[in-house]
Amino acid sequence: MDFWLSYLTLASIYVLLGLSTNLLVGIAGIFSVSQAAVFGVGAYIVAYFLMNDVMSFLPALAIAAVCCIALNILVTLPALRVSGDYFVVTSFGIQLLATAVFTNWTDGTGGANGLPGIPPPDLFGKALEDSSSETMLCVGGMVLGCLIFWLVMRAPFGRLLRAIREDELAVAAAGKSVLRAKVSAAALAGAFAGTAGGLYATFLSFIDPSSFDLDSSILLLTMVVVGGARTLAGSIIGPFLLLALPQILTLVDIPTTIAAAARQLIYGVLLIAFMLFRPQGLAGEKL
Amino acid sequence: MTPYLQATGVEVSFGGLKALNDCSFTIQQGRITCLVGPNGAGKTTIFNVITGFLRPGTGSVSFKGQALDGWKPQAIVAAGIARTFQNLRLFIDLTAVDNVLASLPGQVGEEPVAAIFRPFHVGSAQRRRREEARAILDRVGLSARANDFVRNLSYGEQKLLIIARVLATGAELLLLDEPASGLSAGALEGVMTLLRRLQDDGKTLLVVEHNTRVVQKIADDVLFLHQGHLMAQGSPETIVNDPALAEIYFGGAL
Amino acid sequence: MLALQLLCNGIVTGCALGIVAISFSFVYSTTKIFHVAHAGVYTMGGYIAWSMLEHGFPAPVAFLVAVAACTALGALIQTGLYARLEQRRATHLVVLIASLGALAVIQNILASVYSANILQFNLPWGSKVFTVVGDVRLTVTQLLTVVCSLAAYGAVMWFSHGTILGKQIRAVASNPFLAEITRLRPRRVHVYVMAIASALVCVPGVLVPLDFGLQPYNGITPLLTATIAMIAGGVGSITGAFVLAIVIAELQNMSLLFIPGEWSIGITFFIFVIFMLFRPTGLFAAAR
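In short, a report on the structure.

About the thresholds
Residues numbered from 1 in each chain as written. Chains lettered and ligands numbered in written order. Predicted model: local features only at pLDDT ≥ 70, side-chain atom pairs only at ≥ 80, totals over all residues. Helix = DSSP H or I, 4+ residues; strand = E, 2+ residues; numbered from the N terminus. Rg over C-alpha atoms; globule rule 2.2 N^0.38 Å. Buried ≥ 20, exposed ≤ 12 C-beta atoms within 10 Å, placed from the backbone. Contact = placed C-beta atoms within 7 Å. Axes fitted to C-alpha atoms, helices over the stretch in contact; angles between N-to-C directions. Left-handed = near helix turned anticlockwise from the far one by under 90°. Nonpolar A, V, L, I, M, F, W, Y, C, P; charged D, E, K, R; others polar. Core = buried A, V, L, I, M, F, W, Y, C linked by C-beta atoms within 7 Å. Pairing = 2+ DSSP bridges. Right-handed = clockwise from strand over helix to strand, strands pointing away. Parallel < 35°, antiparallel > 145°, perpendicular 65-115°, else oblique. Expected span 1.5 Å × (residues − 1).

What follows is about the overall build of chain C. A tally of regular secondary structure across chain C gives 11 helices and two strands. Secondary structure of chain C in N-to-C order comes out as α-α-α-α-β-β-α-α-α-α-α-α-α. Relative to the 2.2 N^0.38 estimate, which gives 19 Å for 288 residues, the radius of gyration of chain C is 19 Å and therefore close to what a compact globule would have. Put simply, chain C has 288 residues, and 51% of those count as buried. For chain C, the share of sequence-separated contacts (at least 6 apart) that also reach a separation of at least 24 residues comes to 77%.

Printed below as a string of C-alpha cells:
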C-alpha cells in the first residue's frame, strides 16, 4: 500500500485517539495511562462482530463506541470520587488488566497471536475493498471527530469545562455539577477511542495486544503533550508529528532490535522536556 | 410562620478546633443581614455550611422550611441560595461576560449531546443568553467591560463582576463574603448603592462585613459571631454601640 | 504440600514487595509525588548488579555499586526534575506525566543497552536449594531476600524513629509548611528522601531478578502491587505497607491453586477495588 495513504489513514485514526486523550487528560484533567486499553476494547469488539458476520460495520462501530463510553466512565469514576492519587493505580491497573485479557483470553482475542483476517469495513452494504476508500473512511471519521470536538468546545459545555479547569469550587458555587461535566467528557473520550479502535481493526485487518499496551497509552499521552492540551489544533498536530517519527528513525541507522526501545525512549524524553519547558505543547493551553 | 433561613445548633470542628459551636440564628426575607465578628469567628465557615461546601458535625440549616442537610452545592444554588468567595475565585482566563454566562442556569448545550446534535439551536440559544448576561453586567455597571478578560479588570471591577456572577445564578438569597473590602471610597459607595438596589429588587442578602460604617449604612439586622457562636443579634445601632461587643471586636482599642 | 510451598514463596515475594512499598510510601508521604519512575529505579538496580557480576566483580561489590547508582539516580530525578517542576509551580498532573516520562526514559535506555530480552543471573550458589519442611524448598536467593528485606525494614524503622534526619523527614511529611518556617529546608529533605528510597528499592531490585531474571519493563507490576499495599496499609504507615505487601503476595500465591498465574494482576487489582469500596483509608491509617 502506498506509504502516504497508509500514513494518512493511521494518522486520522490517531487524531481520533488524540481527541479522546485530550478530552480526558487535557480537559477533564484526569491522568490516564489506560486509553490504549479502551482503544483496544473498541478494536476487538468490531473485529469480533465482523469476523463472525454478526452485523455490518456501522452498527458494530456503534456498539463498540457505546461499550467504550461505559468502560471509560467506569475507569474515570474512581478518579473523580476517590480522593488522593488512587486513580493513578486504577489507570495502571486497568491497562495491565486489559493487556492480560487481550493476551490470555485466547478464545476471544486470539491471545498473543492476535486476530488476523478482519474483513474490510462496509458502508450501507458495500464493502470498501480498496485502500483509498478505506483512507477516505478514516479521514471522514477524523473530520467528523474534529467537528464534534469543535462543536462541543464552543458550546456552553466547553465553557463549563474551561471554567472547571480554572476553579472547580467556583463552578460548584455557580450551581453546576463538576462531576457530571467530567463524566460527560470522559464518555465522549470513550466514544472517540472506541470508534478509533473499530477503524483501526478494519484498516489493518489484523490486531494483536501489542497495539493496545501500556506503551501505546504512553504514546497517546505524548501526542497530546506534544501537540498541546485542550485545543483542536493540538490534538491534530501531535498524532501527525509522532507518527512520522518511526519513519524519521529509519533514516538514522538504528539496529532494528532496539528500534522500538529507541522510539519509546524519545517519547519519554519528549514527555519530560515538554513538561519542563513547554507544558502547553506546540499549539495548546497550559496543562 | 416558617423562618426564611434558619441555622440550628450548627457545629463544625477541624481536628480539635471548633470553628462553629452550637451556632443558631434566623434570617428574614427581603432584608440585608450583616454577619460581623473578629477574625476566626466562623463567618466564612457559616457560608460554607449553608452552601453545602461543608457538612456540619451536628445541627442543620433549613431554607423556607426545607432542611438542606446533605445537599450538594449545586442543589442548594438551584434551591435559591448562592454565594461569593472572599478571594473572588473569578475565572481569570475567561471574559467578563463568559464569567456571568458560566453561572446562568439551564443553558442548552451544557452537555455534549445537545452540543453535538443541535448546534444551531445551541447557537441561537447562546445569543439570547449572552444578551441576558449583558443585562446582568449592565445592572452592576460593567456593561462596557463585557468582552474584557477578567485579568485586565481592576480590583473594584472584579468585585462588581463577582456580584454579577452570583446574580446570574438566579438565586434569591445571596451570601456575599466581604463585597466592600479593599475598595476606594468611591467604589465603596457604588457597591453599597448596588446592594440596596438588589434589596429593592427582592433579593435577600447575608453579608460578611468588617467595616462598621458600611454595616451601619446597609444592614437591617446584624449577627455578631464570636468563637463560632452567635453572641448577639439586633439592629446595627445596638450592636455597634454595645461596649462589650466592641471590646471583643477591637480588643479594647476603641 | 503445594499450598505450603506457595505460602513460603508468598512470604519471600511479599518481603521483597514490602520494601518496594515502604520506599514508595516514603517518597509519597513526604513529597506528595506519585513517583511512577520508582519502577525504573527498581529495574535499573538489577541491571547494574548484573553488569558488575558479568565483569567479574564479587557479588557484594556488585550489590553496593547498584545501590550507589540507584541512590544517585533518585537524587538526580528529584533535583533535575521534581524540584524544577515545583519551582515552576507545575500542577499535579504535569508532575505525574513527567514522572511517567522519566520511567519511559529509564526503561528504554535499559532496553536499548541490554535488549528487551530476559537476562538471567549466573550465580551457581544462588539456586542451591534448602529443604525447609517436608517437600517445601527454598533457594539461597529466596532466603537471602527474606533476610535482607527484614533487615531493610528494621533499618527503616530505626531510621525514621531513632535518628534526627528520620524525625525531620517525618516532620516535613506531616506538615511541609511548618517544617519550612522552622528551617528544616524541605527541599533538601526531599532530596534525601528520594536518595534513601532509591537505595532501598534497589534491595528487592537486585534480589528478585536473581530468581526471575531481568527485563526492562518488569518494574511496573511490582510497583503497582506495592502502591496497592501502601494504600491498603494506610499511607504513611511503614508497618502497614510492609504487612499488606506480604498479605497481597500471599493472596496472589494462594490464588495460583485455583487460577492460572497470568491472571494474578487481576487478583491484585481485585484486592485494590475491595479496599477502595470498604476501607479507602487503609488498615493501619491511624497507626502513624
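Now that the structure has been shown, the text picks up again.
All names here are of chain C. Close contact between helix α2 (residues 38-54) and helix α3 (residues 59-87) brings their axes to 8 Å; oriented N to C, the two are set at 145°. Here the hand of the crossing between α2 and α3 comes out right-handed. Side by side, α2 and α3 meet where Val41, Met44, Gly45, Ile48, Ala49, Met52 and Leu53 of the first sit next to Ala59, Val61, Ala62, Phe63, Val65, Ala66, Ala69, Cys70, Leu73 and Gly74 of the second. Class assignment for the residues of the contact of α2 with α3 results in 15 nonpolar, two polar and no charged.

With 29 residues of chain B at the contact, the number on the chain A side is 22 residues. Elements with a contribution of two residues or more to the side of chain B that touches chain A: α2 (73-79), β6 (81-83), α3 (96-101), α4 (112-117) and α5 (119-140) of chain B. With four residues, α2 of chain B is the largest single contributor of residues to the side of chain B that touches chain A.

Turning our attention to the nonpolar core. By size, the foremost hydrophobic cluster in this structure holds 278 residues, and its most contacted members are Leu271 of chain A, Ala164 of chain B together with Ala21, Leu200, Ala229 and Ala245 of chain C. Here this core gets 16 residues from one element, more than from any other, and that element is helix α8 (residues 186-212) of chain C. Residues contacting Ala21 of chain C, with those up to four places away along its chain left out, are Ala226, Ala229, Met230, Ala241, Phe242 and Ala245 of chain C.

The next point concerns the interface of chain A and chain C. Counting from both sides, the interface comprises 34 residues of chain A and, opposite them, 36 residues of chain C. For the side of chain A that touches chain C, the secondary structure elements donating two or more residues are α4 (86-104), α10 (214-227) and α12 (259-277) of chain A.

Checked against the element boundaries, Ala70 of chain A lands in helix α3 (residues 57-81). The sequence separation of Ala70 of chain A and Val54 of chain A amounts to 16 residues, and the corresponding C-alpha distance is 21 Å.

Our focus in this paragraph is the pairing of strand β8 (residues 204-208) of chain B. Residues and elements named next belong to chain B. The buried fraction of β8 amounts to five of the five residues, a majority that puts the element mostly inside the structure. With burial as the criterion, each face of β8 is covered, one bearing Thr204, Leu206 and Val208 and the other bearing Leu205 and Val207. Bridge analysis of strand β3 (residues 32-36) against β8 gives four bridges, and the strand direction is parallel. Paired with Thr33 across the bridge in β8 is Leu206. Here five bridges tie strand β7 (residues 173-177) to β8, and the two strands are oriented parallel to one another. Bridging across to β8, Leu174 finds its partner in Leu205. In this view, the connection linking β7 to its parallel neighbour β8 by way of helix α7 (residues 185-200) has right-handed handedness.

Below, the discussion takes up the sheet that holds strand β2 (residues 17-27) of chain B. All names here are of chain B. Here four strands make up an open sheet; going across it, the order is β2-β1-β4-β5 and the pairing antiparallel. The open sheet has two edge strands, β2 and β5 (66-67), and neither has a second partner. Here strand β1 (residues 5-14) runs beside β2; their pairing, made up of seven bridges, is antiparallel. The partner of Gln6 across the bridge, within β2, is Thr26. Lying over the sheet, helix α1 (residues 43-50) contacts β1, β2 and β4 (58-63), oriented at roughly 70° with respect to β2.

Attention now goes to the arrangement of the chains. The assembly contains two pairs of chains in contact; the pair sharing the most contacts is chains A and C. Between chain B and chain C there is no contact, and the shortest C-alpha to C-alpha distance separating them is 14 Å.

The subject of this paragraph is the sheet that holds β8 of chain B. Residues and elements named next belong to chain B. Pairing is mixed across the open sheet formed by six strands, whose spatial order is β6-β7-β8-β3-β9-β10. Sheet topology places β6 and β10 (229-234) at the edges, where each strand pairs with a single neighbour. Here the strands of the sheet are splayed against their neighbours by 20° on average, with no regard to which way each runs.

When two helices pack together, their arrangement is captured by the angle between the axes and the distance separating the axes. All names here are of chain C. It is at 8 Å that the axes of helix α1 (residues 2-31) and helix α9 (residues 220-233) come closest, and there the two elements cross at 70°. Relative to α9, the element α1 is oriented roughly perpendicular. Of the two elements, α1 crosses α9, and the hand of that crossing is right-handed. Here Leu17, Val20, Ala21, Phe24, Ser25 and Tyr28 of α1 lie close against α9, whose contacting residues are Pro222, Leu223, Thr225, Ala226, Thr227, Ala229 and Met230. The residue makeup of the contact of α1 with α9, split by class, is 10 nonpolar, three polar and no charged.

The next thing to look at is the environment of Tyr155 of chain B. All names here are of chain B. Along the chain, the position of Tyr155 falls in helix α6 (residues 155-168). Classification of Tyr155 by C-beta neighbours within 10 Å gives exposed; the count is 11. Taking C-alpha positions, Tyr155 is 10.0 Å from Leu88, a pair spaced 67 residues apart along the chain.

All names here are of chain C. For helix α5 (residues 140-162), which comprises 23 residues, the first-to-last C-alpha distance of 32 Å matches the rise-based estimate of 33 Å (1.5 Å per residue) to within 8%. Of the positions making up α5, those classed as buried are Thr141, Gln142, Thr145, Ser149, Ala152 and Val156. The elements touched by buried residues of α5 are α1, β2 (136-139), α8 and α10 (238-255).

So, about the environment of Thr135 of chain A. All names here are of chain A. With respect to the element layout, Thr135 can be found in helix α6 (residues 131-154). Residues Thr135 and Tyr7, spaced 128 residues apart in sequence, show a C-alpha to C-alpha distance of 9.4 Å. Each residue touching Thr135, except ones within four places of it in the same chain, is listed here: Leu5, Leu8 and Thr9.

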